[in-house]
Each structure stands twice: as structure tokens, then as C-alpha cells.
Number of protein chains: 2
Amino acid sequence: MTDNKIGAYDLVAEPFHVDFTGRLTLGVLGNHLLNCAGFHATERGFGMAHINEENCTWVLSRLVIEMEDMPREYDKFRVETWVENVYRLFTDRDFAILAADGRVLGCARSVWAMIGMNTRRPVDLTSMHGGGINDYICDRPCPIDKPGRIKVAATEPAAVIQAKYSDIDVNGHVNSIRYIEHILDLFPLEMFRDRRIARFEMAYVAESYYGDELSIFLEKCGEAEDYNAEIRKNGGETVCRARVVFRENPE
Amino acid sequence: MTDNKIGAYDLVAEPFHVDFTGRLTLGVLGNHLLNCAGFHATERGFGMAHINEENCTWVLSRLVIEMEDMPREYDKFRVETWVENVYRLFTDRDFAILAADGRVLGCARSVWAMIGMNTRRPVDLTSMHGGGINDYICDRPCPIDKPGRIKVAATEPAAVIQAKYSDIDVNGHVNSIRYIEHILDLFPLEMFRDRRIARFEMAYVAESYYGDELSIFLEKCGEAEDYNAEIRKNGGETVCRARVVFRENPE
């Protein structure tokens, strides 16, 4: 019963998708997770192409990734994904990332809303397709904490960048994954040599567009290598907030 | 005879791999070409992992991509690749990019050298594995011009960037494909809306590293939307030179 509610997708860590330590980058992993979400939803009639025909679109609201280890260059790995909850305005989709031998490398949580493409207003998910989306709710637990609340008080940006051609996706917005890459690019290379990203949490607040000036604010929380970040556009509106938790690398 | 000298790899244009026009980005296509080169070489005992064991490594010297059209989001497409020539110090590898219906979307050429990992000096390709590499030479023609000579006289950079974590690949260098993305990011968005990249040519001259300051010089050649670009590091040494030819978009 539970099994056919879980989508499983086999992937490989390609040479240009790993960082200088030979580990899959978090941005590429995030991209794979969103693709797998798309495959799973499409197979169930709730994919982007399908709901676009009904003048609706999915909007990613939260993404949390916790990894014990990352696939290395050429490693095969598997992404499993399932729907944990469907509420009126949001749905929770979870992920597990498994090594070829079945070992769990990490897990992820995502929160999505559906909006009308023209109205830009939320759609009641529980009534979509006569409530059909509820049939896909799966009781498999996801053993990582739900997204928390992120507050950033910093007033001086750590970096200011302009959204460029390569940042923009098919919707004309800055790609959700690019924000992750821009935030990670604030850290010195040694951080990725000596440590690994144990948890990355992202709250997507507003869209940004080509030419927007993106100011990235970063602040360290306490003694541990635990950081909060916020991206604001054109000197004002918050685009997204993130939390990055690094842990010492065992090797 | 010719057929088994040609590697064929089936791919899909993923949602986050297309630009705002819904077309596969040139950077992602370039990445696929290099991966397919890797698969083809690996299947013949000349892959990176194999030759690394012999303390050698492949170095990409030239990459030329000419496209009539690009795969759109979710399109299946195929990359075919074969070895055109093997010289003492260089080998020419060609590519064809085909739509699902077999239509040729474009072609590409690449030139590679092999160097000793410790000596950093070129290896005689014709004598590798007792001349075995010559067995893979294929007489299939590649209908696009060979790479030309690119000269850039500009003295004022169009952009200055610093090589960041996300730019660096497993070899510790700035990723070959990232240079393409950084050069394309110099153009306004309208360029990609009204035109398509008909030809992109890259000459890789030297490696750059984390923290290097990369100055990108750009100059228009004549009346057409034909540009030359050069990236120099830390105010001096040339890292790569590129030529980008845009053509009016029929649609």
C-alpha cells in the first residue's frame, strides 16, 4: 500500500556535478530533488504541465536538506519521494537519498503551495481533482526536523550580486537552486574542505527577476558553524531566508 | 564498422536546465557533451579514471558548438560522439546532437591533449596502449568549421568576478563550462529572447583557481552579432578565449 505511493528514481553523481572534494554539490542535489518531485507528481496527474493546463502552478515554499554523507563522483544513488500531508493551502513532500547499497545518506522535506497562474492566489489543494491528491498521502515518516523560523538581523550585506541570464529559469524568475549556490559561495573554500553541510534550510518568500540587485546578508549563530542568511532584492523586499549548519568532516 | 565507433547517449532537457525561453542552456549542453565524451572514452579504456591510474589526465583544449535549434524543456535528445583524428599531441572528438525524431539539432568539435599528472607535460597519444587509440578513429564527417583563431584587443573588462566555491570542479580548477556561463552572463536578456547562439567557440589556454580575479573582456566583431571574449586572471595571464555568434531567432 505504502510502496506504490513512493516514487524511486536512480541517479548518478556526474563529474561536473561534484565539488572540489569530489562530493555532489548541494545545489545539484536540490535540483535532483525538485526533478524527482516533478516526476512523482506527473505520474499522479499533479505535475507542472498538467496543472498548468488548469491555470495553476506549484510554488516551492520551503526546502530542508539534511545529509549524513554525499554521493561521490560516479556514485549511483537513489532519491525516494512521497507526499506526507496535504493541507488546504500547503502540501508536505518528503525525500530520502540512498546510496547504491541502500544506506540512507540523508533526507529532505519540502513544502509547496499551488497558486492560480493568473490570479496568483492560493488554490485549495484538498478540493483539486475532487480531493484526489489525498489518495497519495503516505505514512512513511521523515526523520528530520521540520523547517524552523529564520531571522537575520545583519544590516551589512556579505555580497551584492545582480541576477543574470544564467540565474533565470523558464518561469522568468531566479531559479530556486541558484539562491542556494549564491549563499554557499559566501563561504571560504576551507569550510567545504574541513566540514560538510549537515543541514540546509530555505524559506522562499518572494520571486526575484533578471537585473534585480540581490544583497545577501549572513550571520553566524552562536559558537557552532551555524549560519543564517537572507537575500533581499533592490535594497528592500526579502526574497528568501536560509540556515546552513556545517559539521566537522570525519575524514 | 563505423557504427560501433560511435557512442550514442540519450538525454532529456530537465526543467532546471533550460533558460527563460524554455531552451536547454549552452552550458548544460556543453556539460552533457563532456560527460558523453567521458562515457565513450571509458567504454574504450581511455576514460579519466583509467588513464589517471597511468598518471595521465585529459585536458580540454578547444570546444566548438554549432546549433540550429536547442532541445526544449522535457524534450528527449541524443548525443552521438566519435574520435575523428588522433595526432601525437592532440585528438579531435566530434559530436552530433539529435532530436528524438532524428533531426540534427547541431554538432560540436573538441580538441583534447593528454598530460602527465605529475610532469604536466604532453603525452604522445599515438603510443598510448600500444597505439590502441588509433583503432577508434572514425571517418564520419563533422559538418562544422574547425576552431579558428580568436584575438581580443579590448583593454577594459566588461566584468570582473572572483572564482567562487561553485566554480571549482573536482580537479580544483574553475570548471570549463563555468567560463561559458560567465561569458554568456555578459549579454542582456533580450539577446537570448530575440536571437539564438548559432556558434560558440572556446579555446582553453590556462587553468584558474579559487579566489582568482577573472576579468572578462568582450568585443563585437563587425556589424553582425558576433563577439569575441577573453578571460584573464589576476590582471595578466589569459585563461580562455571565446567567440559567440548570435543569429536571429526564426520564431
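In this text, all values refer to a predicted model and were calculated from it rather than measured experimentally.

J.: Help me understand empty space enclosed by the protein, please; the structure alone is not making it clear to me.
T.: Empty pockets left among the atoms are what a rolling probe the size of a water molecule brings to light. Under the criterion given, the structure shown has one cavity of 30 Å³ or more. One number sums up the size of the largest cavity: a volume of about 780 Å³. Along its surface, the largest cavity is lined by 45 residues, and Val28, Arg178 and Glu181 of chain A together with Arg178 and Glu181 of chain B are the ones closest to its centre. When grouped by side-chain class, the residues that make up the lining of the largest cavity number 17 nonpolar, 15 polar and 13 charged.

J.: Please clarify how the packing of helix α1 (residues 26-43) of chain B against helix α3 (residues 176-184) of chain B should be interpreted in this entry.
T.: Helix packing for two helices is described by the angle between their axes and how far apart those axes are. Residue and element names in this part refer to chain B. For the pair α1 and α3, the least separation of the axes is 9 Å and the interaxial angle reads 165 degrees. Comparing their axes, α3 and α1 come out roughly antiparallel. Note that α1 runs across α3; the crossing there is right-handed. In this structure, α1 contributes Leu26, Gly27, Gly30, Asn31 and Leu34 to the contact, and α3 contributes Ser176, Ile177, Ile180, Glu181 and Leu184. Looking at the contact of α1 with α3 residue by residue, the classes come out as five nonpolar, four polar and one charged.

J.: Would you mind going over the interface of chain B and chain A with me for this structure?
T.: How big an interface is tends to be stated in terms of accessible area lost as the parts join. On the side of chain A, 32 residues touch chain B, which itself brings 32 residues to the contact. Surface buried jointly by chain B and chain A totals about 3,000 Å² across both partners, of which 58% is contributed by carbon and sulfur atoms. For the chain B face of the interface with chain A, the top three residues by lost area are Phe16, Tyr165 and Val170 of chain B, together amounting to 28%. Taken together, the connections running from chain B to chain A amount to 12 residue pairs in polar contact (both at pLDDT 80 or more). Elements with a contribution of two residues or more to the side of chain B that touches chain A: α1, α3 and α4 (189-194) of chain B.

J.: What exactly am I supposed to notice about helix α1 (residues 26-43) of chain A here?
T.: Since the α-helix advances by 3.6 residues per turn, residues separated by three or four positions end up pointing in the same direction. Its 18 residues place the ends of α1 of chain A 26 Å apart at the C-alpha level, agreeing with the 26 Å of an ideal helix rising 1.5 Å per residue. Burial analysis of α1 of chain A places 14 of its 18 residues in the buried class, which makes it a mostly covered element.

J.: Could you clarify how one ought to interpret α3 of chain B in this entry?
T.: Residues and elements named next belong to chain B. Here α3 lies mainly inside the structure; nine of its nine residues are buried. Those residues of α3 that fall on the buried side of the exposure criterion are Ser176, Ile177, Arg178, Tyr179, Ile180, Glu181, His182, Ile183 and Leu184. You can read the cap of α3 off the contacts: a side-chain oxygen lies 2.8 Å from the backbone nitrogen of isoleucine 177, and it is on asparagine 175.

J.: In this structure, what is going on with the confidence of the model for chain A? I would like to understand it.
T.: In low-pLDDT segments, the atomic positions of the prediction should not be examined closely. Here chain A averages 95 in pLDDT, and 98% of its residues register 70 or above. Two summary scores accompany this predicted model of the complex, namely pTM at 0.95 and ipTM at 0.93.

J.: What should I look at first to understand the pairing of strand β5 (residues 104-116) of chain B in this one?
T.: For a regular strand, side chains alternate in direction, first toward one face of the sheet and then toward the other. Residues and elements named next belong to chain B. Of all the 13 residues making up β5, 12 are buried; the element is thus mostly covered by neighbouring parts of the structure. Bridge count between strand β2 (residues 56-67) and β5: 11 bridges; the pairing is antiparallel. Note that in β5 the partner of isoleucine 65 across the bridge is alanine 108. In this structure, strand β4 (residues 91-99) lies alongside β5, joined through eight bridges in antiparallel fashion. Within β5, the residue paired with isoleucine 97 across the bridge is glycine 106.

J.: Just checking my understanding: could you explain the state of the cysteines for this structure?
T.: When the sulfur atoms of two cysteines share a covalent bond, that bond is a disulfide. Residue and element names in this part refer to chain A. Scanning the entire structure with this criterion turns up zero disulfides over all chains. Distance from the sulfur of cysteine 107, which forms no disulfide, to the nearest cysteine sulfur (cysteine 142) is 4.9 Å. By relative accessible area, cysteine 107 is classed as buried at 7%.

J.: I'm lost on the domain arrangement of chain A in this one. Help?
T.: All names here are of chain A. Per the domain assignment, the segments of chain A are domain 1 (3-136) and domain 2 (159-248). Each of domain 1 and domain 2 has a C-alpha centre, and the two are 20 Å apart. Each side of the interface is counted separately: domain 1 has 17 residues, and domain 2 has 18 residues. Contact between domain 1 and domain 2 buries roughly 1,500 Å² in total, counting both sides, with carbon and sulfur atoms accounting for 60%. Where domain 1 packs against domain 2, one counts one salt bridge.

J.: Would you explain the relation of the copies chain B and chain A in this entry?
T.: Of the two same-sequence chains, chain B is brought onto chain A (RMSD 0.0 Å, axial shift 0.0 Å) by a rotation of 180 degrees. Both copies of the chain, as the preceding transformation shows, are related through a two-fold rotation axis. Considering only C-alpha atoms, the part of chain B nearest the rotation axis is isoleucine 161 of chain B, at 5.2 Å. A shared binding surface is used by both copies, with 100% of the interface residues of chain B retained as interface residues in chain A.

Rules behind the numbers
Residues numbered from 1 in each chain as written. Chains lettered and ligands numbered in written order. Predicted model: local features only at pLDDT ≥ 70, side-chain atom pairs only at ≥ 80, totals over all residues. Heavy atoms only, no water. 1 Å grid on protein atoms, 1.4 Å probe; cavity = no way out; pocket = protein on both sides within 12 Å on 5 of 7 lines; lining within 4 Å. Points joined across faces, edges and corners; volume = space filled by probe spheres on them. Nonpolar A, V, L, I, M, F, W, Y, C, P; charged D, E, K, R; others polar. Axes fitted to C-alpha atoms, helices over the stretch in contact; angles between N-to-C directions. Helix = DSSP H or I, 4+ residues; strand = E, 2+ residues; numbered from the N terminus. Parallel < 35°, antiparallel > 145°, perpendicular 65-115°, else oblique. Left-handed = near helix turned anticlockwise from the far one by under 90°. Contact = heavy atoms within 4.5 Å. Buried area = accessible area lost by both parts, 1.4 Å probe. Polar contact = N/O pair within 3.5 Å; in protein donor to acceptor, adjacent residues only side chain to side chain. Expected span 1.5 Å × (residues − 1). Buried < 20%, exposed > 50% of the residue type's maximum accessible area, 1.4 Å probe, protein only. pLDDT = per-residue confidence, 0-100. Pairing = 2+ DSSP bridges. Disulfide = S-S within 2.5 Å. Domains from an automatic or database assignment. Salt bridge = Lys/Arg side-chain N within 4 Å of Asp/Glu carboxyl O. Least-squares fit on C-alpha atoms with pLDDT ≥ 70 in both.

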